Amino acid sequence: MLGIFAAFLLPTTSAQASAPLRTHAAAKGKFIGTALATGPLGSETSYRTIAGTEFNQITAENAMKWESTEPSQGQFTFSGADQIVAFATQNNQQVHGHTLVWHQQTPGWVQGLGASAMRSAMQNHIAQVVGHYADNPAVVSWDVVNEVFDENGGWRSSFWYNTLGQSFVADAFRAARAADPDARLCINDYNVEGINAKSTAMYNLVSSLRQQGVPVDCVGLQSHLSIQYGFPSDMQRNMERFAALGVQVRVTELDVRMPTPRDSSKDTTQATYYRNVVNACLAVTACAGVTIWGFTDKHSWVPDTFPNEGFALPWDANYQQKPAYTAVHDALAGGTSGDTTPPSTPGTPTVGTVTSNSAALTWSASTDTGGSGLAGYNVYREQGATDTLLGQSSTASITLTGLSPSTQYQVYVRARDGAGNLSGNSALATFTTQDGPGGGGGCTATGTVQTQWSGGYVVQPVTVTNTGTSAITGWTVTFTLPAGHTLVGSWNATLTVSGQTVTAKNAAYNGNLAPNAGTSFGFQVSRPSGNTQTPSAYTCA
Ligand code: XIL
């Protein structure tokens, strides 16, 4: 007996390449988790087997929400929640409690209460639910409040906020600490993966709560991503700024949906997103781990929630592993060293708009079969022995900036995979930049949509570059908002709006740019629900 237990408990010294996700994650000091639903957990062997062997952390997808645990006032039912905690205990997995105070999946009786009764009901609910598991070693953390911000970083106009004001957040955390002094207490939200108005509001709230001694230990980035909205490339930096506040961060509900139908190129992009998220967490010590929101497309919430999108998880509906699984596995296993196969060579670049200092290029995409997935493209200038890297793109197009006026360029593209393998060179494209304004002046601006949702988007960064030959002491960027779009916030520049024209002037601290130097600013816009437009061009002067 002792021998068996010792073999079971001893940490593995080196994770085998083909080992389950949890083995590799544990070797890196991280958890890899999944949300579980009680239905398939009770009825499907494949579901139980994968959940038990691949993951070392579990979140209840619905079973711990208020409507499940206290459907009528004072009547607590833990049958579903206990089923999940028992499964986790059997499989040596930790449990993250989700969620205590939320505006959804909360019974009508709570929503109709007056302020003092609502506050008491909230405190009692937290005391009972957290208290039920306080002595259970499997349950180690809680989402105390969920989704308290709106898309602009203001307070969400929920029944909680409208009845109790902001104070419900601090009260909820204090109640949870009182019910289980050892549990890690988190605040959780979506669209806070990158640096934007909403994540900055979260940052400011966590900072102020902690200054007041409110026990907030952890920030959850839900990470419901879609391949059509771009990857939040500053996710690691965002995690780092929260870590600097002294809190743990975690990815709590990762899924990466795609527009239907599924195809292999979308699978590859999806795998890249999964790998990027895992790598961001691995790069930040304060990131405890990554929880995937379910693991099989058979039971994902995505098709029921996002019209015409799906296939968001690493296993398909038949429990077969997808490229996203390999991406998560290889990232956790410490890289993609096994992949030595370069991507295919990209198509010849087609030249679009050329200005005095910029040129737009598109090309047909590469594919990658080596396992690590296509990571992006490098664009080089053909100059004989030492070619210059002019730019990098994660998609099959780029606008090169900072070019010299009246100059002929010959350029080619190489594709890059996640292991750093480079493809062959595409055929050359040739263009000549137009006559410059003269006098050595000039600047360019390009904007990247960092994240978007049906009612708005964040453009970050708008990169401003001094393309002239002398230093500048200020800059002005103009762009046009599509009809019906309104500016809701901005940072690192002063924005004024006239009609749909937006004028952005440098802030006091980022107007001075040496030749070739750059800076950036960002802004957030709300747009009519369902509209998918974003600004198309930025002019710098
Ligand atoms: C979702 C579940 O996946 C669905 O089964 C349920 O119908 C609705 O809630 N943010 C959260 C999660 O914090 O609780 C949500 O889960 C997904 C969005």
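Here, the structure is the one placed above.
Just so we're clear, the structure is a prediction, and the values are computed from it rather than from any experiment. (Residues numbered from 1 in each chain as written. Predicted model: local features only at pLDDT ≥ 70, side-chain atom pairs only at ≥ 80, totals over all residues. Heavy atoms only, no water.)

A. Region of the structure containing the environment of Ser423. Assignment of secondary structure puts Ser423 in the loop between β16 (408–417) and β17 (429–432). For Ser423, a relative accessible area of 2% gives the class buried. Sequence separation between Ser423 and Val413 is 10 residues, and the spatial gap between their C-alpha atoms is 8.9 Å. Residue contacts for Ser423: discarding those within four places in its chain leaves Pro342, Pro343, Ser344, Thr345, Pro346, Arg414 and Ala415. Within the local environment of Ser423, its side chain forms a polar contact with the backbone nitrogen of Ala415, the two atoms lying 2.8 Å apart. (Helix = DSSP H or I, 4+ residues; strand = E, 2+ residues; numbered from the N terminus. Buried < 20%, exposed > 50% of the residue type's maximum accessible area, 1.4 Å probe, protein only. Contact = heavy atoms within 4.5 Å. Polar contact = N/O pair within 3.5 Å; in protein donor to acceptor, adjacent residues only side chain to side chain.)

B. Region of interest: the site of the ligand. In the vicinity of the ligand, 13 residues are found, and the nearest of them are Glu61, Lys65, His98, Asn146 and Glu253. One of the side-chain N or O atoms of Asn146 is found 2.9 Å from an oxygen atom in the ligand. A distance of 2.8 Å separates an oxygen atom of the ligand from a polar side-chain atom of Glu253. Bound to the protein, the ligand loses 80% of the 420 Å² it would expose on its own. Taken together, the residues of the shell around the ligand break down into 3 nonpolar, 6 polar and 4 charged. (Near = heavy atom within 4 Å. Areas by Shrake-Rupley, 256 points an atom, 1.4 Å probe, with all protein chains shown as cover. Nonpolar A, V, L, I, M, F, W, Y, C, P; charged D, E, K, R; others polar.)

C. Inspection of the packing of aromatic side chains at higher detail. Overall, the coordinates contain 25 aromatic pairs when judged by the stated rule. Relative to Phe242, the ring of Tyr203 has its centre 5.7 Å away and its plane inclined at 65°; by these criteria the two rings are edge-to-face. With Tyr203 in helix α11 (residues 197–211) and Phe242 in helix α12 (residues 235–243), the pair connects residues that are 39 residues apart, well separated along the chain. What makes Tyr203 partly exposed here is its relative accessible area of 23%. The ring of Tyr190 has Lys198 lying over it, and the distance from NZ or CZ to the ring centre is 3.6 Å. Seen from the ring of Phe306, Arg257 lies directly overhead, with NZ or CZ sitting 3.6 Å from the centre. (Phe/Tyr/Trp six-rings, centres within 6.5 Å; stacked < 30°, edge-to-face > 60°. Lys NZ or Arg CZ within 6 Å of the ring centre and 35° of its normal.)

D. Layout of the environment of Val247. Tracing the backbone shows Val247 in the loop between α12 and β8 (248–259). In the structure, Val247 is positioned 63 residues away from Arg184 in sequence and 10 Å away in space, judged by C-alpha atoms. Setting aside anything within four residues of it in sequence, one finds Val247 in contact with Val206, Arg210, Val216, Asp217, Cys218, Val219, Phe242 and Ala286.

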